Amino acid sequence: MTDVAIRPAEQLPEPADEAGGRPDRAARIFAVVVGVLVAASVIIRFTASQALWLDEAQSVAIARLPLHGAGVTLWDGLLQDGSPPLYYLLLHGWIDLFGESSPAVRSLSAVINILAAWPLYVLAGRVVGERAARVAVVLYLTSPFALYFGTETRMYSLIVLLTALGGVALERVLRAPSPRAVIGLALAAGCLALTHYWCLYLLLTVAGWLIGLLTVRPWLRARRARRAGTPTAAALAAAEGTGAQPSPGALAATGENPATEPYPYSGTARGAGVPPLRPSGPAPTAARAPGARSHRSATRRTVPSDSIVARRGPILGLVGIVAGGLVFSPWLPSFFDQLAHTGTPWGEPASYAAISHAYGQWAGGPTTLGRLLLFLITGLAGAGVAGRSAGGRFVLIDLRGIEPGRTLFLLATGTLVVAVTAGKVVGNAWADRYTATAFVPFLLVLGLGATIIGDRRVFRAVIAVAALVGLLAGTSDLRRERTQAAEAAGVLERLARPGDVMLVCPDQIGPGLARTVPSWLKVYVVPTYAPPDRVVWVDYEDRNKHADGRAIARRALAEAGPQHTVFLAGSGSYRTYEELCTVVRTTLQDARPHADEVMEQGAPAKVYENYALLRFQAR
């Protein structure tokens, strides 16, 4: 989405293989190794077999609801959940075709996750160059972050796909504006907002960057020109009367360093040895002697000046993003209803330290192998933002940063800053999975950083090791149990009998259990005493605060009667349930002292959604 006019002296040769050269034996081995790792990463995306945890089971419970009818519809479920509809509509159609088994519903995310590689490749090729595009796709497909969400029944893979498509549309708007490109950008922006509300932070960040291209950048250039005592590049072009793009020497004289100025046009990565694409507009003309006038100077100018051409792209980019609001507008009444009654009561706003944690999650995640990958990814990110190849094993670092890596890093980090700030203002929680909204610019930075490596052996080693470690770390993360729902179901099949009652506290572990427990078991969530398949987030914190845990426990005891057992699946670590679940448990234990723990609560390091299962037998 940005590029720079690279001065000829800074156009370095390709960092690894010579352009057009015949691949040697090492290059062929490298291609085979990377190909095998990529193929394995694609297959692994379809292998997750664990039971669905809360978010996944909730998604399926909502998506399988009818679109219309007298009962609860999908639209009612979304209002109670607080999510926009696009992913759920796709999942609704997918369930109609393939069913709602765990492998079936997860395969939708896997397919979308893999499809996202193509627009990512196109976007990267236009913004950071062909070599960097190939690296970005390899690192994406073997990324533990992408692998995990390629196996989860949630919308995060769709976010990556739409972000890449939106990036392609925006790059086209900035490079060669057209109505079709603006419409494409509007559709992508609207669909992003209809997929996850955190995408609004990404759109705000991009809009702020475009406004900066229109306002801050010209001001900075004028300031540099005043300090240097020279006219601006735009003034030079206007003085020539042609609107031509100023020469690199003129740019340098005005203080407009093309190696560090963000340009809203695409081209090749720095050091790629190929001149960047220029904006649409008039072609440069031969220089004239001082005081000479163009033969068109006495006639009406028909060709727009460079400043107008340069402003047209950002303006139309803003138009496209704003027009995305038209796509989102039918959902606005539901959005405002959700804004007033739902949210993220399960968590609290994050500090700005969460931004660095997000980069750690993108790089490799929490595992030991993930931390090793973080070491490699950090180097690639640093090279992508500020590095320039000096040939061989040397890299030059510009502490000001170099385009386009600097702007890509700004867009990724800016989105996270906006998210944290908004969370502090409105009280929304932070979740690492939400940061998928800013993942694509980060991948482009990594691809660009890899091309800075001048030694071909080092280049191949870094990419191969990063892909291998990423695949191993991702596979390890995928094997981790996501919920104890399957274990609890096995215990209940063995110990429970028809007529027994189970309370679920908090209700957030209910959707996963609803898919696994015996159908003949009576299961109710605390505090609503409703079926466990969906969590209703409407006025959630206030509802739990005023709930009567003793009354709920007594109701379960009365329904079970003296002949049947009451089970309690619970955990005291959930926000807004710290006291409520304790009250329910204490009331049950007072009525039935002969209680035992029939399933131990799992360790968080081994199972994500963990809880204990207690049995309160009749006397």
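Residues numbered from 1 in each chain as written. Predicted model: local features only at pLDDT ≥ 70, side-chain atom pairs only at ≥ 80, totals over all residues. Heavy atoms only, no water.

What to know about the overall build of the protein chain
The test is simple: Helix and strand labels come from DSSP, where a helix needs a run of H or I of at least four residues and a strand needs a run of E of at least two; each type is numbered from the N terminus. We call a residue buried when its accessible area falls under 20% of the maximum for its residue type, exposed when it is over 50%, and partly exposed in between, using a 1.4 Å probe and counting protein chains only. Contacts are residue-level and defined by heavy atoms, with any inter-residue pair within 4.5 Å sufficient. Surface exposure here means Shrake-Rupley accessible area, sampled with a 1.4 Å probe, where a residue is shielded only by the protein chains that are shown.
Counting its secondary structure elements, the protein chain contains 26 helices and nine strands. Across the 619 residues of the protein chain, 56% fall into the buried class. Within the protein chain, contacts between residues at least 6 apart in sequence are counted, and of these 79% link residues at least 24 apart. Of the roughly 26,600 Å² that the protein chain leaves accessible, carbon and sulfur atoms contribute 63%.

Digging into the pattern of salt bridges
When the charged atoms of two side chains with opposite charge come close together, those side chains can pair. The line we're drawing: When a carboxyl oxygen of Asp or Glu lies within 4 Å of a side-chain nitrogen of Lys or Arg, that pair is called a salt bridge.
Overall, the coordinates contain 19 salt bridges when judged by the stated rule. What you see here is one network of salt bridges that share partners, running through D24, R456 and R460.

Examining the sheet that holds strand β7 (residues 595-599)
Using the following cut-off: Strands are labelled as partners when DSSP assigns at least two bridges between them. Where helices are involved, their axes are fitted lines through C-alpha atoms of the stretch in contact, as for all axes, and angles between N-to-C directions lie from 0 to 180°.
Here five strands make up an open sheet; going across it, the order is β5-β4-β6-β9-β7 and the pairing mixed. Of all the strands in the sheet, just β5 (522-525) and β7 have a single pairing partner and so form its edges. Strand after strand, the sheet turns through a mean of 25 degrees between neighbouring axes, direction not considered. Here helix α22 (residues 485-495) sits on the sheet in contact with β4 (501-505), β6 (566-570), β7 and β9 (612-616), set at roughly 125 degrees to β7.

Here's the deal with the state of the cysteines
What counts here: In plain terms, two cysteine sulfur atoms within 2.5 Å form what is called a disulfide here.
Per the stated rule, a full pass over the model turns up one disulfide. Here C505 is linked by a disulfide to C581, with a sulfur-sulfur distance of 2.0 Å. Across the disulfide from C505 to C581, rotation about the S-S bond amounts to roughly -95 degrees, and the bridge is consequently left-handed. One end of the pair, C505, is in strand β4; the other, C581, is in helix α26 (residues 580-591), with 76 residues separating them in the sequence. The exposure class assigned to C505 is buried, which follows from its relative accessible area of 1%. For C581, a relative accessible area of 9% translates into the label buried.

Points about the side chain of R45
To be explicit about the condition: When charges are counted, Lys and Arg are positive and Asp and Glu negative, with His and the chain ends excluded. Nitrogen and oxygen atoms within 3.5 Å of one another constitute a polar contact, given that in protein one can donate a hydrogen and the other can accept it, and given that sequence-neighbouring residues count only through two side-chain atoms.
Along the polypeptide, R45 turns up in the loop between α1 (25-44) and α2 (54-63). As a buried residue without a salt bridge, R45 has its nearest oppositely charged side chain in D477, at a separation of 12 Å. Of note is the side chain of R45, whose polar atom sits 2.6 Å from the side chain of N113.

A few points about the packing of helix α9 (residues 156-175) against helix α11 (residues 199-214)
For any two helices packed against each other, one specifies the inter-axial angle together with the distance between the axes. Put simply, the rule reads: Should an angle fall under 35 degrees it is called roughly parallel, over 145 degrees roughly antiparallel, and 65 to 115 degrees roughly perpendicular, with every other angle called oblique. Left-handed describes a crossing whose near helix is turned anticlockwise from the far helix by less than a right angle; the clockwise case is right-handed. Only Asp, Glu, Lys and Arg are considered charged, only Ala, Val, Leu, Ile, Met, Phe, Trp, Tyr, Cys and Pro nonpolar, and every remaining residue, Gly among them, polar.
The interhelical angle for the contact between α9 and α11, taken along N-to-C directions, is 15 degrees, at an axis separation of 12 Å. Taken together, the axis directions place α9 and α11 in an arrangement best described as roughly parallel. Between α9 and α11 the crossing geometry is right-handed. For the pair α9 and α11, contact is made by I159, T163, L170 and L174 and by C199, L202, V206, W209 and L210, respectively. Looking at side-chain class alone, the contact of α9 with α11 contains eight nonpolar, one polar and no charged residues.

Examining the side chain of T437
Here T437 shows up in the loop between α19 (405-426) and α20 (439-450). The exposure class of T437 is buried, given its relative accessible area of 0%. In this structure, T437 is in contact with I159, T163, W198, C199, L202 and T415, ignoring residues within four places of it in sequence.

What about unusual backbone geometry?
Cis geometry is found at the peptide bond from C505 to P506, where omega equals 10 degrees. Note that P506 resides in the loop between β4 and α23 (510-514). With an omega of 10 degrees, the peptide bond between V526 and P527 qualifies as cis. With a phi angle near 55 degrees, Y529 is a residue other than glycine that sits in the positive phi range. Mapping Y529 onto the fold places it in the loop between β5 and α24 (540-545). Unlike most non-glycine residues, D539 shows phi in positive territory, near 45 degrees.

Quick look at the confidence of the model for the protein chain
One rule of thumb: low pLDDT means the predicted coordinates there are not for detailed reading. Quick reminder of the rule: What pLDDT conveys is the predictor's confidence in a given residue, as a value from 0 to 100.
With 83% of its residues at a pLDDT of at least 70, the protein chain reaches an overall mean of 85. Residue range residues 271-305 is modelled with pLDDT below 50. Its contacts to residues more than four positions away, or to other chains, number 53 contacts.

Brief notes about the nonpolar core
Rules: To define a nonpolar core, start from buried Ala, Val, Leu, Ile, Met, Phe, Trp, Tyr and Cys residues and group those joined through side-chain atoms within 4.5 Å.
Membership of the largest hydrophobic core comes to 122 residues, with the highest contact counts inside it found for Y140, L210, W362, F439 and L444. The element contributing the most residues to this core is α9, with twelve residues. In this structure, L444 is in contact with L120, L123, A124, V127, V128 and L408, ignoring residues within four places of it in sequence. Counting 46 residues, the second-largest nonpolar core is a separate cluster that includes L492, A556, V566 and M599.

Some details on the environment of L90
Position of L90 among the secondary structure elements: in helix α4 (residues 86-98). Classification of L90 as partly exposed rests on a relative accessible area of 39%. Measuring from C-alpha to C-alpha, the distance between L90 and L108 comes to 8.7 Å, with 18 residues separating the pair along the chain.

Here we look at the environment of L65
Inspection of the secondary structure assignment puts L65 in the loop between α2 and α3 (74-81). L65 sits eleven residues away from D76 along the chain, and the two C-alpha atoms are 9.1 Å apart. Beyond its immediate sequence surroundings of up to four residues, L65 is in contact with V72, T73, L74, G77, H92 and R534.

Points about α22
Short version of the rule: This arc is built from the directions going out from the helix axis to the C-beta atoms.
Turning to α22, its buried residues are A485, A488, A489, V491 and L492. The arc that holds every buried residue of α22, seen down its axis, measures 165 degrees, which confines them to one face. Of the surrounding secondary structure, the elements contacted by the buried residues of α22 are β3 (481-483), β4, α23, β6, β7 and β9.

Remarks on a negative patch on the surface
Let me state the cut-off plainly: Patch membership is restricted to residues that have no salt bridge and whose relative accessible area is over 30%. Joining uses 9 Å for like charges and 5 Å for the nonpolar side chains Val, Leu, Ile, Met, Phe, Trp and Tyr. Just so you know, the charge point we use is NZ for Lys, CZ for Arg, CG for Asp and CD for Glu.
A grouping of E481, E487, E597 and E600 is seen on the molecular surface, where their side chains present a negatively charged patch. Here E597 shows up in strand β7.

Observations regarding the packing of aromatic side chains
To keep it simple, the criterion reads: Note on aromatic contacts: the rings of Phe and Tyr and the six-membered ring of Trp form a pair at centre separations within 6.5 Å, being stacked when their planes are under 30 degrees apart, edge-to-face when over 60 apart, and tilted otherwise. Note on criteria: charge over ring means Lys NZ or Arg CZ within 6 Å of the ring centre, with the direction from the centre no more than 35 degrees off the ring normal.
Summed over all chains, the structure comprises 27 aromatic pairs. Pairing F30 with F459 gives two aromatic rings, centres 6.3 Å apart and planes at 55 degrees, and the pair type is tilted. Placement of F30 in helix α1 and of F459 in helix α21 (residues 456-479) is noted, with a sequence separation of 429 residues between them. The ring of W346 carries the charged tip of R433 above its face, separated from the ring centre by 5.7 Å. Taking NZ or CZ as reference, R482 lies 4.5 Å from the ring centre of Y148, over its face.

Describing the pairing of β9
Of all five residues making up β9, five are buried, and the element is well covered by its neighbours. Burial of the side chains of β9 extends over both faces: A612, L614 and F616 are buried on one face and L613 and R615 on the other. When β6 meets β9, the two strands line up antiparallel, connected through five bridges. Residue pairing in the sheet places L568 in a bridge with L614 of β9.

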